[in-house]
Amino acid sequence: MEDFLEVIDLKKWFPGVKANDGVNLTLRRGEVHAILGENGAGKSTLMKMIYGLLEPTSGEIRLAGQPVHFRSPREAIQAGIGMVHQHFMLIPALTVAENVVLGDEPGGVNYNRREAVRHVRALSERYGLDIDPTAKISQLSVGLQQRVEILKAFYRKARLIILDEPTALLTPQETRELFNIVRNLKAEGIPVLFISHKLDEVKEISDRVTVMRAGKTVDSVRTADATPQDLANMMVGREVVLRIQKEVAKPGAPVLQLEDVKVRDKAKNLRVKGITLELRRGEILGLAGIDGNGQFELADAIAGLLRPEDGRIIFDGHDITHMTPAQRTERGIAYVPQDRHADGLVLEFDLVENTILRDFHKRPYSSAGILRRKPAEDYTKRLIEAFDVRPPQPARKAAELSGGNQQKVILAREVSRDPIMLIAAQPTRGLDVGAIEGIHRQLVRLRDEGKGVLLVSLEMDEILSLSDRIAVIHDGRIVDVIPGDTATREQIGLLMTGSRTNSEVASS
Amino acid sequence: MKALRSTFLGPIVATLLAIVIGGILVSAMGYNPFSVYGSLISGAFGNIPSLGNTITASIPLVLCGLGIAIAFQSGLFNIGADGQYWVAAAASVWVGYHFTSLPGWLHIIFCLVVGMLVGAIWGGIIPGLTKAYVGSSEVITTMMLSYIGILLARYLIEGGPMQEPGSNPQSPEIVQNTQLPYFNQTLMQSQLSLVAVAITILAAVVAWFLLYKTTIGYQLRAVGFNQRAARYAGMRVTLYTVIALCLSGLFAGLAGSVQMLGVDHRLMDGFSSNYGYTAIVVSLLARNNPLGVLLAGLFFGALTTGGQNMQIISNVPAALTDVLQGLIIFFVACERIVPQIIQWYRRRRSLRSGVAAS
């Protein structure tokens, strides 16, 4: 295999920041090459330089042996570089074919629709990207939209595909389908740069992996030669604990009891179809399931954001089914919501205003309706220090923080109120290994302090590593509840599709 | 300090761009832009009476603008400040020529309070409740109620119960006691009452304090920025929607009240003043910051009075000030372009230096 893309000692310095400081990379024809690194390690800066969005400070990029200097993405595209951004750049009102050919339409001004559809169909067949060229983007799932982005690259004759955090928004099935597409591309001899911070995905899909840390490339290794632990250590620069060590749980009294709870979502679809479940003090109950099976509606219903249609929610011995979110907060329910931008934070507020989001109306943060900034700021400073939020500036707007630090702010706010129970929905989504470790430690610490933790997660590893018991949800119902220490991936995977094991089917 | 600069840089650049393009327009029409702007500035600030006129003209704009800013900060769009202004004006005038036995200061406060309450009901209770419970858009309801309010005020003095017997469609004058004092002859010429000025400044400070220093304002802004997060935090989103629209109408009502007590002294035909609409621009230009509204209101007041002088001296139609307003709205609305232009320029420069280095 020959080198298709070479990056030699590439540097990009911004005033005060060395975003890239000596990056070396070789991408061979027909290989899937992963770039692995934590958020802020310089992966995006590197990609932007390869794609012509940023000009390197020094160093060289070679394409097929020739040095290249791209001044714009247009030039990079002309040279055969295709990029699929994490956030898609598609026009929802247009069809697949129209989006693909946009800017380079067959027939020019005299747009030839039939030719566009034919061309896109031919491309999709060639690369195994099954999609209907006449479908509207707005009607497609995220996974299919991503295919359109890949088609766009090939329509522009890409010889190399860069996938920037491609699985961040995908469901597990869509991820599997994407991996099949990547394997097709590899079989076609097209090199793929796969940017990610998820170890298991890198392990599964890539041939070689280059690890970045603090703007530098640490090493490039054959993926098969490295264990996930090796990669994690390289990424973070120290020994990382991938699977949290924890004592055996000492479950106490029940803290949450759900009795045949039914919940409709905002669109009035019945998403939770009768769930009976119990969470005890001092245990982590994992709620596993494929996205869209009602787990997040259930979490919202326990927190009071959705009103159950039927059933009872008992918390700490009291019926809270009809209480407002504020009353539940007062009783000791803390909630880390699934979507931290939509629910967990007011991004335009600074950290002080965000940390008092639940307690602003209480002393010492306000008295007689007047906000008191000083106590709130002191409290925020304490939380920032205890949870290692960076940058440690209380007056920063929440929007200016990285995803991991935003999540730390939410977690800090929720657990520092000394709750009785924490609902953690996707608490580590989009975070890097170091941040995940910190948040997992916090969840175990809460458990050890005798609080109940309901962990709702789509990440099988997270569920397996933390849960004392695992409840598997499918189509709004609990399929089974199994002990965490003996559970296996295969067992949960099977339950997630809704099928119980044979013996139980026979007995029931 | 840096945050403050970035907040106000956009509006200032937008205003400057509008002035430059307005100047180009004027020269295209065959006038000397410097003398035209000169006459505008001297008409607005040139001497004590014109400065007084400017301040008088800015008071209703500031007060309406404060109401609109509060709505904007709460994520709501109050388009109907004009109607709230006029129903409140009518109510204040009615109170102003009744209850003649009340002592002066008490009568003034009574007029203001009634005006504010009527404005709050017109702008807040009706659109607020329909939005909260039926989900109707406040953009439509405030606007429709605005027409109803203006026409109601007009009916009251054109054959309605408030018409003064006689030929003119106008109400009786409010009693001397309730007219805000002018203190001296010069101020009287400009119809500028220092009490009205004091009320306006106080209102701006109160609005600022309310928004940034109280739990009510904290919740209003949280609801405005992110309704879902506000709900998550346990705030009562519908209640604060109603409160926001009430406060918005309250300030617009105060504008009507102060204008009646301080300037007009009676309800009469002036229904095309459009304070409520100009105030939207005032609020946008001030980035919905109450203290910024003071400055932006003064600027638009200056445009109004300066425009009249400009027409007299330079023969340029006063409508040019409307063009300037339009241009300012345009540039404020697309002020996101400004950072993009700066970024583009920096990129070009860094690319050039990059090429030169290699």
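Residues numbered from 1 in each chain as written. Chains lettered and ligands numbered in written order. Predicted model: local features only at pLDDT ≥ 70, side-chain atom pairs only at ≥ 80, totals over all residues. Heavy atoms only, no water.

Q: Would you mind showing me how to read the interface of chain A and chain B here?
A: Quoted interface sizes are often the accessible area lost when the parts come together. Opposite the 32 residues of chain A that make contact, chain B presents 21 residues. Of the roughly 2,400 Å² buried at the junction of chain A and chain B (both faces included), carbon and sulfur atoms supply 59%. Per-residue buried area on chain A facing chain B is highest for A:Phe349, A:Phe360 and A:Leu371; these three make up 22% of the total on that side. At the junction of chain A with chain B, the criterion picks out 2 salt bridges. Residues B:Arg221 and A:Glu353 are paired through a salt bridge, measuring 2.9 Å at the closest nitrogen-oxygen approach. Applying the counting criterion to the chain A and chain B interface returns 15 residue pairs in polar contact (both at pLDDT 80 or more). Elements supplying a minimum of two residues to the side of chain A that touches chain B: helix H10 (325–331), helix H11 (340–344), strand E18 (370–371) and helix H14 (403–415) of chain A. With 4 residues, H11(A) is the largest single contributor of residues to the side of chain A that touches chain B. When its residues are assigned to classes, the side of chain A that touches chain B shows 17 nonpolar, 7 polar and 8 charged. (Contact = heavy atoms within 4.5 Å. Buried area = accessible area lost by both parts, 1.4 Å probe. Salt bridge = Lys/Arg side-chain N within 4 Å of Asp/Glu carboxyl O. Polar contact = N/O pair within 3.5 Å; in protein donor to acceptor, adjacent residues only side chain to side chain. Helix = DSSP H or I, 4+ residues; strand = E, 2+ residues; numbered from the N terminus. Nonpolar A, V, L, I, M, F, W, Y, C, P; charged D, E, K, R; others polar.)

Q: Help me understand the packing of aromatic side chains in this model?
A: Pairs of aromatic rings are described using the distance from one ring centre to the other and the angle between the two planes. Counted according to the given criterion, the structure contains 15 aromatic pairs over all chains. Note on A:Tyr127 and A:Phe154: the rings are 3.9 Å apart at their centroids and 10° apart in plane angle, and the pair reads as stacked. Within this pair, whereas A:Tyr127 is found in the loop between helix H4 (113–126) and helix H5 (142–155), its partner A:Phe154 is found in helix H5, the two being separated by 27 residues in sequence. Overall, the relative accessible area of 7% leaves A:Tyr127 in the buried class. A relative accessible area of 5% places A:Phe154 in the buried class. Between A:Phe349 and B:Phe225, the ring centres sit 5.6 Å apart and the planes meet at 85°, which makes this aromatic pair edge-to-face. Within this pair, whereas A:Phe349 is found in the loop between H11 and helix H12 (351–355), its partner B:Phe225 is found in helix H9 (residues 215–225), the two belonging to separate chains. The aromatic ring of A:Trp13 is capped on one face by A:Lys18, whose charged end is 4.5 Å from the ring centroid. Just above the ring of B:Tyr232 sits the side chain of A:Arg358; from NZ or CZ to the centre is 4.3 Å. (Phe/Tyr/Trp six-rings, centres within 6.5 Å; stacked < 30°, edge-to-face > 60°. Buried < 20%, exposed > 50% of the residue type's maximum accessible area, 1.4 Å probe, protein only. Lys NZ or Arg CZ within 6 Å of the ring centre and 35° of its normal.)

Q: I'm lost on the sheet that holds strand E11 (residues 254–264) of chain A in this one. Help?
A: Picture the strands of a sheet paired through backbone hydrogen bonds; they go either parallel or antiparallel. Residues and elements named next belong to chain A. Across the sheet, 4 strands lie side by side as E12-E11-E14-E15; this open sheet has antiparallel pairing. Every other strand in the sheet has two partners, leaving strand E12 (270–280) and strand E15 (318–319) as the edge strands with one partner each. As judged from the 6 bridges shared by E11 and strand E14 (residues 308–315), these two strands associate in the antiparallel manner. Residue pairing in the sheet places Lys262 in a bridge with Asp310 of E14. Packed onto the sheet, helix H9 (residues 295–303) meets E11, E12 and E14 and runs at close to 120° relative to E11. (Pairing = 2+ DSSP bridges. Axes fitted to C-alpha atoms, helices over the stretch in contact; angles between N-to-C directions.)

Q: Which parts of the structure should I look at to understand the sheet that holds strand E7 (residues 160–164) of chain A?
A: Residues and elements named next belong to chain A. The strand order E6-E7-E8-E3-E9-E10 describes an open sheet built from 6 strands, whose pairing is mixed. In the strand order of this sheet, the two ends are held by strand E6 (81–84) and strand E10 (216–222), each with one partner. Pairwise comparison of adjacent strand axes, ignoring direction, gives a mean angle of 20° for this sheet. Bridge analysis of strand E3 (residues 32–37) against strand E9 (residues 208–213) gives 5 bridges, and the strand direction is parallel. Bridge pairing in E9 links Gly37 to Met212. Against the sheet, H5 makes contact with E6 and E7, and its axis sits at roughly 165° relative to E6, the strand it touches most. Helix H8 (residues 228–236) rests against E3, E9 and E10 of the sheet, and its axis sits at about 30° to E9.

Q: What exactly am I supposed to notice about the side chain of A:Arg208 here?
A: Residue and element names in this part refer to chain A. Here Arg208 is to be found in strand E9. Relative accessible area serves as the criterion here: at 9%, Arg208 is assigned to the buried category. Beyond its immediate chain neighbours, meaning those up to four positions away, Arg208 contacts Thr26, Leu27, Arg28, Glu31, Val32, His33, Ala34, Val221, Arg222 and Thr223.

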